[in-house]
Amino acid sequence: MSSILTNSSAMVALQTLKGINSSLEKTQSEISTGKSVGSAKDNSAVWAISKVMESDVSGFDAVSDSLATGQAMIGVARTATETVTDLLKDIKTKVVAARDATSDTTKLQNETDELISLVESTIGAAQFNGVNLIDSGTGTSVVGSIDRSGGTVTANSITIDAQNLNTGAAATAAGQLAAGTTSGTNLVVVGNNNDGAVSIASGAGESFALSAVAQDETITVTLGDQNFSYTVTADDVASGNDANEIALSNLRDLINAAGITGVTALYDPVGSAGELTIDNQGTDDINMTVRVRADGAGALAGLNGFSITGGTALADIETMINSSIDAAAAFGAAESRLETQSDFLSKLTDALKTGIGALVDADMEEASARLQALQVQQQLGTQALSIANQSPQNLLSLFR
């Protein structure tokens, strides 16, 4: 039914034009922002998910910065340790040269002292932002990831172990060589390091025992040019355990595993009153030194007061070289781990960004095509509204 008072056609045309304009406004917003969900009113659920994911991406960016800092810190420590290793090798050449009867040991010792100073300065300078991983036993950690489980977010750290290459002298140890337990030529206790030195003749044996060794103290037996060390643990000194016997039995196993020709370590805590016996059935005499070192000393503590003509000089420098090599290898492995984690986070961040884009990004080809269609519809809607408004006007003119 037509009415001269109510223009139904115009109202329909107007509502249609409003719908077209609303769709056109949304499409234009998608094209200008590149997002189909730009605010919570567009799609509250999708918007909320995307914002949580975006916060995770921001967190991963911060983690990536932390990993980069950790890599740089470990890189400094590794480079310094590799330099120290090279310097220790140079010291070893001086020790070997000093064994030549015609060598000038005074000049060689002076050169060695200079090399030791270089080692100490390298260790002291190996810090990154105040953190030195080779001058103490204190490690550190870097944030390696942010893990989300439901609504709970936790930051997981990667621990970086320190490699103590400090050259400071070892403190006096509580543990020592037990008195009255040696056979043959007596072991002689020398200085704070509790050195016991003796020459074991071919076809003979020497014994020693330990007394009151404490947690973290290290017992070192030097046979010729090889060192064998055991560090006392907390379990070794626990109630009911005899740390002295545990240390001696471990030293026995280490010495026998080395396969020194003609040399056998024997240990019977009952029959030998807790003595470790070194039986030399080889063709040559062999020098033995026993030392007890206090806890807290660095792996290069032997450089303090190091003498190239000392009886254990070659064995000691070889042990220190191996300690430095092990430290460099440990830093290399840690650096590689952080690099791998950094690469993973980079890929994970890219995947999250792609996921966020799939949720909220607009399809630009579709939006462009829709914009053109809506612009045509807007033109047609405007014309329709104009035509609808003209019909009642024509009808009213008949009554004038």
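Residues numbered from 1 in each chain as written. Predicted model: local features only at pLDDT ≥ 70, side-chain atom pairs only at ≥ 80, totals over all residues. Heavy atoms only, no water.

Asks: Tell me about the overall build of the protein, and name the residues and values.
Replies: Within the protein, the secondary structure is distributed over 6 helices and 14 strands. Here the C-alpha radius of gyration of the protein, 40 Å, is well above what a compact globule of 400 residues would show, namely 21 Å. Across its three principal axes, the protein shows a C-alpha extent of roughly 145 × 50 × 35 Å. Considering only contacts in the protein between residues 6 or more positions apart, those separated by 24 or more positions represent 70%. Surface exposure of the protein reaches about 20,900 Å², of which carbon and sulfur atoms provide 51%. Charge-centre separation for the protein: the mean point of 20 positive side chains lies 18 Å from the mean point of 46 negative side chains. (Helix = DSSP H or I, 4+ residues; strand = E, 2+ residues; numbered from the N terminus. Rg over C-alpha atoms; globule rule 2.2 N^0.38 Å. Contact = heavy atoms within 4.5 Å. Areas by Shrake-Rupley, 256 points an atom, 1.4 Å probe, with all protein chains shown as cover. Lys, Arg positive; Asp, Glu negative; His and termini not counted. Charge placed at Lys NZ, Arg CZ, Asp CG, Glu CD.)

Asks: Describe helix α3 (residues 105–125), naming the residues involved and giving the relevant values.
Replies: With 21 residues, α3 should reach 30 Å at 1.5 Å per residue; the first-to-last C-alpha distance of 30 Å fits that figure. Within α3, the full set of buried residues consists of L108, Q109, T112, L115, I116, V119, T122 and I123. Along the axis of α3, the buried positions cluster into a sector of 135 degrees, meaning they face one direction only. Facing away from the buried side of α3 by over 90 degrees, the exposed positions are T106, K107, E114 and A125. Residues of α3 that are buried sit in contact with α2 (44–98) and β2 (131–132). (Expected span 1.5 Å × (residues − 1). Buried < 20%, exposed > 50% of the residue type's maximum accessible area, 1.4 Å probe, protein only. Arc of directions from axis to C-beta.)

Asks: Tell me about the sheet that holds strand β12 (residues 263–267), and please be specific about residues and values.
Replies: Strand order in the open sheet made by the 3 strands is β8-β13-β12, with antiparallel pairing throughout. Edge positions in the sheet fall to β8 (204–208) and β12, since each has one partner strand and no second. Averaged over all pairs of adjacent strands, the angle between their axes in this sheet comes to 20 degrees, without regard to strand direction. Bridge count for β8 against strand β13 (residues 276–280) is 5 bridges, and the pairing is antiparallel. Across the sheet, the residue bridging to G205 is D279, located in β13. (Pairing = 2+ DSSP bridges. Axes fitted to C-alpha atoms, helices over the stretch in contact; angles between N-to-C directions.)

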